[in-house]
Amino acid sequence: QVKLVESGGGLVQAGGSLRLSCAASGSIANFNAMGWFRQAPGKQRELVARTTNSGRTNYADFVKGRFTITRDNAKNTVDLQMNSLTPEDTAVYYCAAKISRLSTQYNYWGQGTQVTVSS
């Protein structure tokens with residue numbers, strides 16, 4: 001069982017930046033993909049960004065050019081650098097890990113970290 005722990009959330013003014021970090025209790029090199037998701041009140045959880053073990057990264061359109069996902073297999077961490085934040089980015093952000101490239105299902109989830117962007 002792998003445990004994922006997020007950190008780095010908080011309150012920031014619009015236009016500001018935050019860096020989220022996800023630390024895994026095991027090797028993230030074993031996972032096909034690591035992703036950051038978010039869920040705002042009253043909305044469905046949505047994928048923000050993901051990075052695969054082949055080095056590919058994908059971003060949701062609403063964060064392209066503002067957010068950057070990076071992984072460090074040696075440290076078993078996945079970070080999300082968030083710049084030019086807007087109030088619409090307010091949500092609980094979750095780190096997740098996917099085992100198989102043949103599935104879209106993410107198998108492990110962190111507890112989430114709150115990001116609040118004030119106008």
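Structure: see above.
What you see is a predicted model, and the numbers here were worked out from it, not measured in a lab.

Basis of the calculations
- Residues numbered from 1 in each chain as written.
- Predicted model: local features only at pLDDT ≥ 70, side-chain atom pairs only at ≥ 80, totals over all residues.
- Heavy atoms only, no water.
- Disulfide = S-S within 2.5 Å.
- Helix = DSSP H or I, 4+ residues; strand = E, 2+ residues; numbered from the N terminus.
- Buried < 20%, exposed > 50% of the residue type's maximum accessible area, 1.4 Å probe, protein only.
- Pairing = 2+ DSSP bridges.
- Axes fitted to C-alpha atoms, helices over the stretch in contact; angles between N-to-C directions.
- Contact = heavy atoms within 4.5 Å.
- Core = buried A, V, L, I, M, F, W, Y, C linked by side-chain atoms within 4.5 Å.
- Salt bridge = Lys/Arg side-chain N within 4 Å of Asp/Glu carboxyl O.

Here the structure, examined in full by the defined rule, presents one disulfide. The side chain of Cys22 participates in a disulfide bridge whose partner is Cys95; the two sulfur atoms lie 2.1 Å from each other. What sets the handedness of the Cys22 and Cys95 disulfide is the S-S torsion sign, and at about -75° it is left-handed. A residue pair is termed long-range when its members are at least 10 positions apart, and Cys22 in strand β3 (residues 18–24) and Cys95 in strand β9 (residues 91–98) qualify at 73 residues. Across this residue pair, the class does not change: Cys22 and Cys95 are buried.

A few words on the sheet that holds strand β8 (residues 77–82). Ordered in space as β1-β3-β8-β7, the four strands form an open sheet in which the pairing is antiparallel. Only two strands of the sheet have a single partner each, and these edge strands are β1 (4–7) and β7 (67–72). Neighbour to neighbour, the strand axes of the sheet diverge by 15° on average, direction disregarded. In this structure, β3 lies alongside β8, joined through six bridges in antiparallel fashion. Bridged to Ser21 within β8 is Asp79.

Quick look at the environment of Leu20 now. Among the structural elements, Leu20 can be located in strand β3. Note: C-alpha distance between Leu20 and Val115 (95 residues apart in sequence) is 9.3 Å. If sequence neighbours within four positions are ignored, Leu20 has contacts with Ser7, Gly8, Gly9, Trp36, Val78, Asp79, Leu80, Met82, Tyr93, Thr113 and Val115.

We now examine the nonpolar core. Counting 29 residues, the largest nonpolar core has Leu4, Trp36, Leu80, Met82 and Tyr93 as the members making the most contacts within it. The next biggest cluster of nonpolar side chains, apart from the first, holds five residues, and it includes Ala33, Phe37, Tyr94 and Ala96.

For side chains of opposite charge, pairing can occur when their charged atoms come near one another. For the structure shown, the criterion picks out five salt bridges. Among the salt bridges present, the one from Arg19 reaches Asp79, with a minimum N-O distance of 3.3 Å. Of this pair, Arg19 sits in strand β3 while Asp79 is found in strand β8, placing the two residues 60 residues apart along the sequence. A relative accessible area of 15% places Asp79 in the buried class. The residue Lys64 makes a salt bridge to Asp61 at a minimum N-O spacing of 3.2 Å.

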